[in-house]
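# Close look at the chain arrangement
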Amino acid sequence: MSPVFPMLTVLTMFYYMCLRRRARTATRGDMMNSHRTIVSNSRTSPHNAEVVQYAKEVVDFSSHYGSENSMSYTMWNLAGIPNVFPSSGDFTQTAVFRTYGTWWDQCPSASLPFRRTPSSFQSQDYVELTFEQQVYPTAVHVLETYHPGAVIRILACSANPYSPNPPAEVRWEILWSERPTKVNASQARQFKPCIKQINFPTNLIRLEVNSSLLDYYTELDAVVLHGMKDKPLLSLKTSLVDMNDLEGDDYEEKDSCGMDGLNKKFSSATLWDGPNNGYFDKLPYELIQLILNHLSLPDLCRLAQTCRLLHQHCCDPLQYIHLNLQPYWAKLDDTSLEFLQARCALVQWLNLSWTGNRGSISVSGFSRFLKVCGSELVRLELSCSHFLNETCLEVISEMCPSLQDLNLSSCDKLPPQAFGHIAKLCSLRRLILYRTKVEQTALLSILNFCAELRHLSLGSCVMIEDYDVIASMIGAKCKNLRTLDLWRCKNITENGIAELASGCVLLEELDLGWCPTLQSSTGCFARLARQLPNLQKLFLTANRSVCDTDIEELASNCTRLQQLDILGTRMVSPASLRKLLESCKDLSLLDVSFCSQIDNRAVLELNACFPKVFIKKSFTQ
């Protein structure tokens, strides 16, 4: 065979791929028109009237600003008819997520991002809502009452949460998605994205949000689902238009929520094994590995099917040192874990957040995976992984002796007795227990044996009986603690704060937001300022007793301060804030919402003098 022939073949294939890509780009450019055609050409029988319904229940969510024992600022406010809309402003009757902007990514407690996270996956939080009737969706309307623009994905599920029989298969379909975009308005709006049609009825809708571009907390009031009880019939013309999209290469939407055929892609037996692999045979093994590090996991799966050489590279355990499976939560199951198992013997960072819900991952499947792949694990993210039970935490404690970072945020279905197993992980540096049912006895055991903790989150842990006892143990045992989240701890007093401040002098971040039992008159905040000079972030949210003396102590002692939240105080004046801003040169975030002495005029004056500081002042219409 002429040596020119392979080169011509490669060029021909490249030319063909370019033509295909051009054709597909045109097809994607026409997709919106195609979707509009579907809507306009849908035919319904006279008896198939549109059903319009508000959410019946909120069944799952990743975080909320409110507490577990009230309705203020909680996700549960999304159920039922609107409470606030069309009014705009900061209202307690709305649903609010825990964070906004990039502030939480800039503070000392922030975790490093996972490598190989697809750029199409931008979701930070989610909420799932059920409706009374299953319908074929025609529209989903979200009533946003404050700082809109956080919703970036809307999905529908085939499973009926009210059915007595579990479904044989659970499917999630993306109805609409978009990258985060800045909305330059804080006023209320009715968000009405153009959704695509799906071929199954649903009464379970999921909203995913990204708040990174928001100036303040987004507030959602209600969700309205429009749909037909019977499947709409599409005209022949519409079907032919949509056929053009079937061969498209627009996998970003599909793979952003699932790894369809992961097992098939990795177990492909038909691999090309020609006399040579072109220039790849001449490249060093390490260089090919470095190149492949830039591929997403689905792309790695696809590349593994091309030839035996690249299949070998794609299955090398070194490609799976960091494994982020959260973007594929909708399709990840026991089979996926089984096929990844042989390649993950060296995995050190593993993210299974949001995965395994509604039976897709079993306790036995998770346990088998960790028994093979847990020995080298250093970081394990399991936020909102509701398949977890006591057996899973026992397996983690036995199979992951090197674990330093464990995130169980919002695993609110874990039984209290399960947390005792965490005490066996003596190498832990970071432990996130936000919105879990950890009890006092288990937590004391963890603090006693995990003395090397650097970061600890106990926000909204409502089962802890006496936070003063916990604070005292933290001060006695965790001398190297850098960040502590006590958001909405219900009963900590000045005694616990004194023990904490004297024992954890290296603290850089402390969240005491919505801790009603702390009173400035006891001197607890001034003591914090004097004993914790390294503080960079301090949240005293909704503590009405914070006063000028506390602010002046912070100005004198905590000059490294970068973020301060004193929302709701009545005792702080503009003069003390000016002293703070003059002393704390690195201050970038200051929340003075609902501070009665700090009016809009004072905020404008401070902004003019300190333009690098974002001063937040919320309002209620």
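Refer to the preceding data block for the structure.
A short tour of the structure in this document, coming up. Bear in mind that the values here come from a model prediction, so they are computed numbers and not experimental data. (Residues numbered from 1 in each chain as written. Predicted model: local features only at pLDDT ≥ 70, side-chain atom pairs only at ≥ 80, totals over all residues. Heavy atoms only, no water.)

### Some words on the layout of surface pockets
A volume near 1500 Å³ is recorded for the second largest pocket. Lining the second largest pocket are 47 residues, and of these D105, S111, Q124, E381 and N407 sit closest to its centre. Counting residues per element, the ones that place at least two in the lining of the second largest pocket are α3 (103-106), β12 (379-381), β13 (405-407), β14 (430-432), β15 (455-457), β16 (483-485) and β17 (509-511). Residue composition of the lining of the second largest pocket, grouped by class: 13 nonpolar, 23 polar and eleven charged. (1 Å grid on protein atoms, 1.4 Å probe; cavity = no way out; pocket = protein on both sides within 12 Å on 5 of 7 lines; lining within 4 Å. Points joined across faces, edges and corners; volume = space filled by probe spheres on them. Helix = DSSP H or I, 4+ residues; strand = E, 2+ residues; numbered from the N terminus. Nonpolar A, V, L, I, M, F, W, Y, C, P; charged D, E, K, R; others polar.)

### A look at the nonpolar core
If you look at the biggest cluster of nonpolar residues, it comprises 110 residues, and the most contacted ones within it are L408, I422 and I474. By size, the runner-up hydrophobic cluster in this structure holds 31 residues, among which are V51, V58, I205 and L207. (Core = buried A, V, L, I, M, F, W, Y, C linked by side-chain atoms within 4.5 Å. Buried < 20%, exposed > 50% of the residue type's maximum accessible area, 1.4 Å probe, protein only.)

### Topic: empty space enclosed by the protein
For the structure on display, the rule yields one cavity of 30 Å³ or more. Each pocket or cavity is described by its volume, and for the largest cavity that value is around 30 Å³. Taken together, Y100, W104, Y217, F539, D565, L589 and D591 make up the lining of the largest cavity. For the lining of the largest cavity, the residue count by class is five nonpolar, no polar and two charged.

### Details of the packing of helix α18 (residues 574-583) against helix α19 (residues 600-609)
Packing of α18 against α19 leaves a shortest axis separation of 11 Å and a crossing angle of 20°. Relative to α19, α18 is oriented roughly parallel. Considering how the two elements wind past one another, α18 and α19 form a crossing that is right-handed. Where α18 approaches α19, its residues P574, L577, R578 and L581 are matched on the opposing element by A602, L606 and C609. Residue composition of the contact of α18 with α19, by class: six nonpolar, no polar and one charged. (Axes fitted to C-alpha atoms, helices over the stretch in contact; angles between N-to-C directions. Parallel < 35°, antiparallel > 145°, perpendicular 65-115°, else oblique. Left-handed = near helix turned anticlockwise from the far one by under 90°. Contact = heavy atoms within 4.5 Å.)

### Concerning the environment of Q289
Relative to the helices and strands, Q289 is located in helix α7 (residues 285-292). C-alpha of Q289 to C-alpha of L310: the two residues are 21 residues apart in sequence and 9.7 Å apart in space. Excluding residues within four positions of it along the chain, Q289 makes contact with H313, D316, L318 and Q319.

### Side note on the packing of aromatic side chains
Tallied over the entire structure, the rule returns 20 aromatic pairs. Judged by centre distance (5.4 Å) and plane angle (65°), the ring pair of W103 and F614 falls under edge-to-face. Highlighted residues: W103 in helix α3 and F614 in strand β21 (residues 614-616), separated in sequence by 511 residues. Ring geometry for Y146 against Y216: centres 6.3 Å apart, planes inclined by 80°, an arrangement best described as edge-to-face. With a gap of 70 residues between them, Y146 in strand β4 (residues 125-146) and Y216 in the loop between β8 (202-209) and β9 (219-228) connect regions that are remote in the sequence. An identical accessibility class is assigned to Y146 and Y216; each is buried. Seen from the ring of Y126, R206 lies directly overhead, with NZ or CZ sitting 3.8 Å from the centre. Against the face of F539 rests K537, its NZ or CZ located 4.5 Å from the ring centre. (Phe/Tyr/Trp six-rings, centres within 6.5 Å; stacked < 30°, edge-to-face > 60°. Lys NZ or Arg CZ within 6 Å of the ring centre and 35° of its normal.)

### Points about the sheet that holds β17
With parallel pairing, the twelve strands of this open sheet are ordered in space as β10-β11-β12-β13-β14-β15-β16-β17-β18-β19-β20-β21. Each end of this open sheet is capped by a strand with a single partner; those strands are β10 (322-324) and β21. The sheet shows a mean angle of 5° between the axes of neighbouring strands, direction not considered. (Pairing = 2+ DSSP bridges.)

### Some thoughts on the state of the cysteines
Overall, the coordinates contain zero disulfides when judged by the stated rule. Cysteine C400 shares no disulfide, and the gap to the nearest cysteine sulfur, in C373, comes to 9.8 Å. (Disulfide = S-S within 2.5 Å.)

### Structural notes on a nonpolar patch on the surface
On the surface, F280, L283, L287, L290 and I291 cluster together into a nonpolar patch covering about 420 Å² of accessible area. Take L290: it is sitting in helix α7. By relative accessible area, which is 51% here, L290 ends up exposed. (Patch = residues over 30% accessible without salt bridge, like charges linked within 9 Å, V, L, I, M, F, W, Y side chains within 5 Å. Areas by Shrake-Rupley, 256 points an atom, 1.4 Å probe, with all protein chains shown as cover. Salt bridge = Lys/Arg side-chain N within 4 Å of Asp/Glu carboxyl O.)

### Comments concerning the environment of F366
Tracing the backbone shows F366 in helix α11 (residues 363-373). Each C-alpha atom of the pair F366 and D334 lies 7.4 Å from the other, and the pair is 32 residues apart in sequence.

### As for the packing of helix α14 (residues 467-477) against helix α15 (residues 494-503)
Close contact between α14 and α15 brings their axes to 7 Å; oriented N to C, the two are set at 10°. When the axis of α14 is compared with that of α15, the two are roughly parallel. Facing D468, A471, S472, I474 and G475 of α14, the residues of α15 in contact are N495, G496, E499, L500 and G503.

### Observations concerning the pattern of salt bridges
Within this structure, the stated rule accounts for 22 salt bridges. Here R171 makes a salt bridge to E173, at a shortest N to O gap of 3.3 Å. Among the salt bridges present, the one from R302 reaches D299, with a minimum N-O distance of 3.2 Å. With R302 and D299 both in helix α8 (residues 297-303), this residue pair falls three residues apart, about one helical turn.

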